[in-house]
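Architecture at a glance
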Amino acid sequence: MQPESLLPLPSATFHILMAVSNEDRHGYAIIQDVAELTSNAVKLSAGTLYRSIQRMLEQDLLIETESPDPESDDERRRYYRITPFGRKVAQAEAARLSQMVKLAQRSGFAAKA
Amino acid sequence: MRLYSALLHLFPAGFRNEYAGEMKAVFARKQRDAGGLLTVWLWIETLCDILWNAALVHLDVLKQDLRYTVRSLGRSPGFAATAVAVAAVGIGATTAAFAMLDHVILKPLPFADQDRLIELFEDHSAVSHTGQEWDLAPANYRDWKRMNTSFEAMASYRNESVNMLGEGEPLRLVGSAISWDMLPMLGVKPIVGRWFTESEDQAGAAGTAVLSYALWQNRFGGEANVVGRKILLDNEAFTVIGVMPKDFYFPTRVPQIWTPQRFAPSDYVDRNDNYIYGLGKLKPGVSLATARAEMRTIAAQLAHEYPKELAHTSATLKSLRDDIGLQTRLMIEALLGAAACVLLVASMNLANLLLARALERGRELAVRTAIGAGRERIIRQMLTESLVLSLTGGVLGIALAAAALPLMVKLVPVSLPIAEIPPVDVRFLLFALGITTLTGVGFGLVPALRACRAAAADNLREGARSGGGRRETLRSALVLAEIAGSVVLLVCCALLTRALGRVETIDPGFRTAGVLTARMMLPMPKYENVAARDRFYRDVLTKTAALPGVESAAFTSFLPMTNLGGVWPVIIPGQAAQDRSSLRNASLRFVSPGFFRTLGVPLLSGRDVEASDSPTSQFVAVVSDSFVKYYWPNQDPLGRTFNFGNHDRIVVGVAGDVRVRGLERLSEPQVYLPYTQHHDQVAMFYAPKDLAIRASGNLTNLVPALRQIVHEADPAQPISDIRTLADIVDAETLPRRVQAIALASFAFIAFLLAAIGIHGLLSFGVTSRIREIAVRIALGASPRNLAGTILGEAARLAIVGVAIGCLLAYAAAMQMRALLAGVTPNDWFSYSAAGALCLLMAVAGSLIPAVRAIRVDPAIAIRTE
């Protein structure tokens, strides 16, 4: 499948991809990370999170992994890791977005960097 | 946390199993982080989150299932087409029948507070077996209106046909003269112009008329400036003052024009001259029973006041909405019952198709189960498939129903103020949607559940036997229901067809073939004198008789079955006290000489009325056989006198009885009087207007010449209702015929479906047991033996199905006994015919499977399995 075929990505999907870009995370960590990265502008709800995750698993953007350190967690957790395909899709979406920003800048709707 | 877990049940089970634990963990963390008032906010947020996302997840699943369904149905287009067609037929039949029932019986009439509109009648049943619902005398109506406290409004009308001049050819219009206060009571307004005012209701007021939408369109080109147009109605000047909306019908479906009902003081004199109809609107909170009791009390008071005229007159009240004959009601209910039967058979058939398909796909389902698709997922997927099939079928079914409705118009009684064709409206569509969903879930659920269980275990085993055991029992039960359903329909259809046949063979008392009829409504006062009418009749009859092929022609007040009233009390000198309770009515018809010959009514003794019977000679009458039997049993009636129509008459002839009121109704005895002995300006209602012509050859060829003859006799005189006498009699049985045809097509469809069902079941049985059959053949089972097993299975199913069906059919027949015209509900012929047909069908359906079983080659079968 071409990464472009999934574009534009739903914003929750994009944010989740960002959150798991560097390390495997469990659900609540993703929510916290997204909130932190967006200065609390985006707060994912549990429903949105897992609905997105379910779809992302089907689309092969994520895979499930075991907890990196089973002893440290009080509950059994599922961790999610970005796939190589997930990375390509994230890149494609980022490219699409920056293209849009350039367009906006050229039309005077956005300040030039 | 327990509440949160409960809320999670809004998600599909698959999603829940996967993520509920995680979501609970997230929620627990959030709960820990929040606190105090924030907890409340967290709950609100969570609730919204779950509702929204659960809906989206369901949508995702639905999309997935739909994609899967389209793919899998695309792989078996034959199955898909069959299933859709079967669903369409079942849903279409039921929806059409419901639309009919809704239109004629259930739906509120298009009038304000229609449930409070009550029809008022005089009750003369004390003296007449047809006297329960008589029209009113104006004086009695006036007193009822003045004295009652139950009604907030009361208005009256009478049927009145008029000849219209001034716009093209002379035209006969069916009209109604209505009191001005009717329309405000009905809560309807004209779309153009205005309705009558109170002052226009008085005798001597200038003539005003309101047009129906159809008349406005057809005769006045729908022009907006029609208001103010002058027209001549029966030679009197009228001004058009308004046009009614397209869907306004009153008092029945037919009126084309409305004029004010104008009463002169003289109209209030005779309390036995009944010719107007009353309609009242109950005050809010007053029941029909209360109003009925009050009106009866008022009638009793009037009877006390006017004992001579009203001693035996009471009051009958009836809700306007309920003014539907028992036969019409039963016919439509039977139709809906039959349609429901078709739907049931169709659903069973679909369930069977799906079950067979599910069993064929057993291995695929087993694989899906093995890779973790939950039971819920599979059921859901299969329900999606059945709903897609039923919805597609439903759309087709709606189209079928909409197309079928115009074919059933004859089942909508003309007497109701509603459109001829039931409209396709929201109620219709909602019903169709409901029945479609029900069908989809109904025929989908059982196979889905069963398939799930089947998928559970052994289907992955190579060469596993599919079908058999409990599943086959279920499929047999479905086929059994199909057979029973079609037997019910076949029996009912047979009973009703036999009833129709019986009604059609009822002797109307005249010969229908070879008679052309037409109506010439002579306008008054132009023709109020017998001399004027005589000129017109003689002119028309002489010239008509000279036309090629014409044997005879005659005029009469009303042809049989065209006017159900027109009765008059008979007074026999010396037979009883002159008290109205002893009087019996007879139907009164003025006729011209040759009437009996023209209609083919046998003249049993004496003579016909003759041209020599003049206003100055002895007043004569021809009476019917039943008249003689009632008044002078075993005596010679010729030469006897009786008082009838305000005159003594001597009997000069006896004619055969005629079914004046229709094939299936009781009729009064008949009295025929020469039209020449009809007093000027009296009882103009009875002035002959119907022409009958007995001729050989093609009757329609006479029509142009007849128009020419009437035009020459009076250029302003329109002709209407040109039809054959056979048409008039056929119209009597038309609703029955339409219903019988509808039922027959339903029965045929159900029969076909049941045949497909039996065939499908048995072929599937052979296919799935092919190894067993092969082994039996290898062990030496004879072809006869094998075929016997399969035929036996079919026969067993058929016999049980027929037995159940016959019992149900008997119950249905008891319900519609009133429709059967004397055919008994246990008419053995109908049952044995239906049963034999079903047995035959079962045997025919099992032939191909049986042949296939015999031809099984054991070597090949055992190897391929």
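Our subject in this report is the structure included herewith. (Residues numbered from 1 in each chain as written. Chains lettered and ligands numbered in written order. Predicted model: local features only at pLDDT ≥ 70, side-chain atom pairs only at ≥ 80, totals over all residues.)

The helix and strand tally for chain A stands at four helices and three strands. Written out in order from the N terminus, the α and β elements of chain A read α-β-α-α-β-β-α. Counting the 113 residues in chain A, one finds 31% classified as buried. (Helix = DSSP H or I, 4+ residues; strand = E, 2+ residues; numbered from the N terminus. Buried ≥ 20, exposed ≤ 12 C-beta atoms within 10 Å, placed from the backbone.)

What follows is about the overall build of chain B. In terms of helices and strands, chain B carries 23 helices and 21 strands. Principal-axis analysis of the C-alpha atoms places the extent of chain B at approximately 105 × 85 × 50 Å. Here chain B, with 865 residues, has 43% of them falling under the buried criterion.

Residues and elements named next belong to chain A. Pairing is antiparallel in the open sheet, where three strands are placed in the order β1-β3-β2. The sheet is open, and its two edges are formed by β1 (25-26) and β2 (62-65), each paired on a single side. One ladder, built from four bridges, connects β2 with strand β3 (residues 79-82); its direction is antiparallel. Bridging from a neighbouring strand, L62 pairs with I82 of β3. (Pairing = 2+ DSSP bridges.)

Looking now at the nonpolar core. Residue and element names in this part refer to chain B. V342, V487, V491, C492, F746 and A750 are the most contacted members of the largest nonpolar core, which has 171 residues in total. Examining the composition of this core, we find that 21 residues originate from one element, helix α10 (residues 326-360), more than from any other. What F746 contacts, discounting residues up to four positions off in sequence, is A93, A338, A339, V342 and L489. Listed in part, the 60 residues of the second largest apolar core include V628, F642, A695 and I719. (Core = buried A, V, L, I, M, F, W, Y, C linked by C-beta atoms within 7 Å. Contact = placed C-beta atoms within 7 Å.)

So, on to unusual backbone geometry. Each neighbour pair has its own omega, and for L7(A) with P8(A) the value is -10°, a cis peptide bond. Relative to the helices and strands, P8(A) resides in the segment before α1 (11-19). Of note, the phi angle at N235(B) is positive, near 70°, even though the residue is not glycine. Take N235(B): it is sitting in the loop between β6 (230-233) and β7 (236-243). Phi is positive for A821(B), close to 50°, though the residue is something other than glycine. Summarising the element assignment, A821(B) is placed in the loop between α21 (783-815) and α22 (828-854).

Moving on: the interface of chain A and chain B. Residue-level contacts link 13 residues of chain A with 16 residues of chain B. Contributing elements (two or more residues each) for the side of chain A that touches chain B: α2 (27-37) and α3 (46-58) of chain A. No other element matches the seven residues that α3(A) contributes to the side of chain A that touches chain B. Across the side of chain A that touches chain B, the residue classes break down as four nonpolar, five polar and four charged. (Nonpolar A, V, L, I, M, F, W, Y, C, P; charged D, E, K, R; others polar.)

Residue and element names in this part refer to chain B. Closest axis-to-axis distance for the helix α3 (residues 37-75)/helix α12 (residues 375-404) pair is 9 Å, and the angle between their directions is 65°. Crossing of α3 against α12: the hand is right-handed. Of the residues in α12, those in contact with V61, L62, D65, L66, Y68 and T69 of α3 are R380, Q381, T384, E385 and V388. Tallied by class, the residues present in the contact of α3 with α12 amount to five nonpolar, three polar and three charged. (Axes fitted to C-alpha atoms, helices over the stretch in contact; angles between N-to-C directions. Left-handed = near helix turned anticlockwise from the far one by under 90°.)

This brings us to the environment of L186(B). Residues and elements named next belong to chain B. Tracing the sequence through the fold places L186 in helix α6 (residues 182-186). Considering only alpha carbons, one finds L186 and K283, 97 residues apart in sequence, at a separation of 14 Å. Discounting chain neighbours no more than four positions away, the residues touching L186 are F111, A112 and F250.

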